[in-house]
Amino acid sequence: MALSTDAPFAPPSSAWQRLSPRYIAVVRLGSLVSSVLFFGVLAVGSWLIFHLVWLTAAFAGVGLIWLGWRLSRARRWVESWGYAERESDLCVRKGLLWRELIVVPIGRLQMVKVSSGPLLKAFGLATVELVTASPQSDAKIPGLPSDAAVALRDRLIDLSDAPGSGL
């Protein structure tokens, strides 16, 4: 039997929890703002500096294609994220083209951060970040409903304080 390409990223022992569907709108708004700013500045700058219609149109066209691609893949990108809580660790997976699975042992947690900027707050969402001694553990779970983020934070703190966890 052939090994599936999804096997390394399959749920370890429990089902994956998903991000909030409202996070799709946050990603799309962020893509819209960043694309308009970046390609808008390029298009306007090329017109003001070089006065070349074709160059301005090229920047605007590339910007529209880039924006369309990012808007169309936002749903799949958000759906590629997931996390699974286990007895002694937390698994986080993400990515479409470059897939990644991060397993963080609960006993190695130094801190659990919950953050929410203005855009996330407007949608009632938050990001949970697990901080360990390793700078390579980039375990962030963005786009969780605020109450789910608080509950996850509290569970992780309780588990990390349990006897037998840690070194």
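Residues numbered from 1 in each chain as written. Predicted model: local features only at pLDDT ≥ 70, side-chain atom pairs only at ≥ 80, totals over all residues. Heavy atoms only, no water.

S.K.: What exactly am I supposed to notice about a nonpolar patch on the surface here?
M.R.: Together, Val44, Trp47, Leu48, Ile49, Phe50, Leu52, Val53 and Trp54 give the surface a local cluster of nonpolar side chains, amounting to about 880 Å² of exposed area. Among the elements that line the nonpolar patch, the one with the most residues is helix α1 (residues 22-50), at five residues. (Patch = residues over 30% accessible without salt bridge, like charges linked within 9 Å, V, L, I, M, F, W, Y side chains within 5 Å. Areas by Shrake-Rupley, 256 points an atom, 1.4 Å probe, with all protein chains shown as cover. Salt bridge = Lys/Arg side-chain N within 4 Å of Asp/Glu carboxyl O. Helix = DSSP H or I, 4+ residues; strand = E, 2+ residues; numbered from the N terminus.)

S.K.: So what exactly am I meant to see when it comes to the pairing of strand β6 (residues 139-145) here?
M.R.: On a regular strand, each side chain points to the face opposite its neighbour's, so the side chains alternate between the two faces of the sheet. When you tally the buried positions in β6, you get five out of seven residues, the bulk of the element. Across five bridges, the pairing between strand β5 (residues 125-132) and β6 is antiparallel. Its bridge partner being in β6, alanine 126 is matched across the sheet by leucine 144. Linking β5 to β6, which pair antiparallel, is a turn of six residues. (Buried < 20%, exposed > 50% of the residue type's maximum accessible area, 1.4 Å probe, protein only. Pairing = 2+ DSSP bridges.)

S.K.: Honestly, the confidence of the model for the protein in this entry has me stumped. Any pointers?
M.R.: Detailed reading of predicted coordinates is not advised where the pLDDT is low. Overall, the prediction assigns the protein a mean pLDDT of 89, with 91% of residues at 70 or greater. Averaged pLDDT values for the elements of the protein fall to 90 in strand β3 (residues 100-105) and rise to 97 in helix α2 (residues 53-79). (pLDDT = per-residue confidence, 0-100.)

S.K.: Mind showing me how you'd approach the nonpolar core here?
M.R.: One recurring pattern in soluble globular proteins: nonpolar side chains tend to sit buried together. Of all hydrophobic cores here, the largest spans 27 residues; its most connected members are Tyr23, Leu90, Leu130, Ile141, Leu144, Leu152 and Leu156. Of all the elements in the fold, those that place two or more residues in this core are α1, α2, β2 (89-94), β3, β4 (109-115), β5, β6 and α4 (146-161). (Core = buried A, V, L, I, M, F, W, Y, C linked by side-chain atoms within 4.5 Å.)

S.K.: When you look at the sheet that holds β4 in this model, what are you seeing that I'm missing?
M.R.: The strands making up a sheet associate through backbone hydrogen bonding, with each pair oriented either parallel or antiparallel. With respect to topology, three strands assemble into an open sheet ordered β4-β5-β6, the strand pairing being antiparallel. Looking at the sheet topology across the chains shown, the edges are occupied by β4 and β6. Strand-to-strand twist in this sheet, taken as the mean axis angle between neighbours without regard to direction, amounts to 20°. Across the sheet, α4 is in contact with β4, β5 and β6; its angle to β6 comes to roughly 140°. (Axes fitted to C-alpha atoms, helices over the stretch in contact; angles between N-to-C directions. Contact = heavy atoms within 4.5 Å.)

S.K.: Quick question: what am I supposed to make of the side chain of threonine 132 here?
M.R.: On the secondary structure map, threonine 132 appears in strand β5. Threonine 132 sits in the buried class, given a relative accessible area of 13%. At a separation of 3.3 Å, a polar atom in the side chain of threonine 132 contacts the main-chain amide nitrogen of serine 134. The residues touching threonine 132, leaving out its near neighbours within four places in the chain, are Val104, Arg108, Leu109, Gln110 and Ser137. (Polar contact = N/O pair within 3.5 Å; in protein donor to acceptor, adjacent residues only side chain to side chain.)

S.K.: What is the right way to read the sheet that holds β2 from this model?
M.R.: Here three strands make up an open sheet; going across it, the order is β1-β2-β3 and the pairing antiparallel. Bordering the open sheet on either side are β1 (82-85) and β3, each of which pairs with just one other strand. Neighbour to neighbour, the strand axes of the sheet diverge by 15° on average, direction disregarded. For β1 and β2, the ladder comprises four bridges, and the chain directions are antiparallel. Looking at the pairing, alanine 84 lines up with cysteine 91 of β2.

S.K.: I would appreciate a short explanation of α2 in the present structure.
M.R.: Each turn of an α-helix holds 3.6 residues, which means side chains three or four residues apart point in the same direction. Over its 27 residues, α2 runs 40 Å from end to end, which matches the ideal 39 Å to within 8%, given 1.5 Å per residue. Along α2, the positions that sit buried rather than exposed are Leu55, Thr56, Gly63, Leu67, Ala74 and Val78. In the core, the buried residues of α2 are packed alongside α1. (Expected span 1.5 Å × (residues − 1).)

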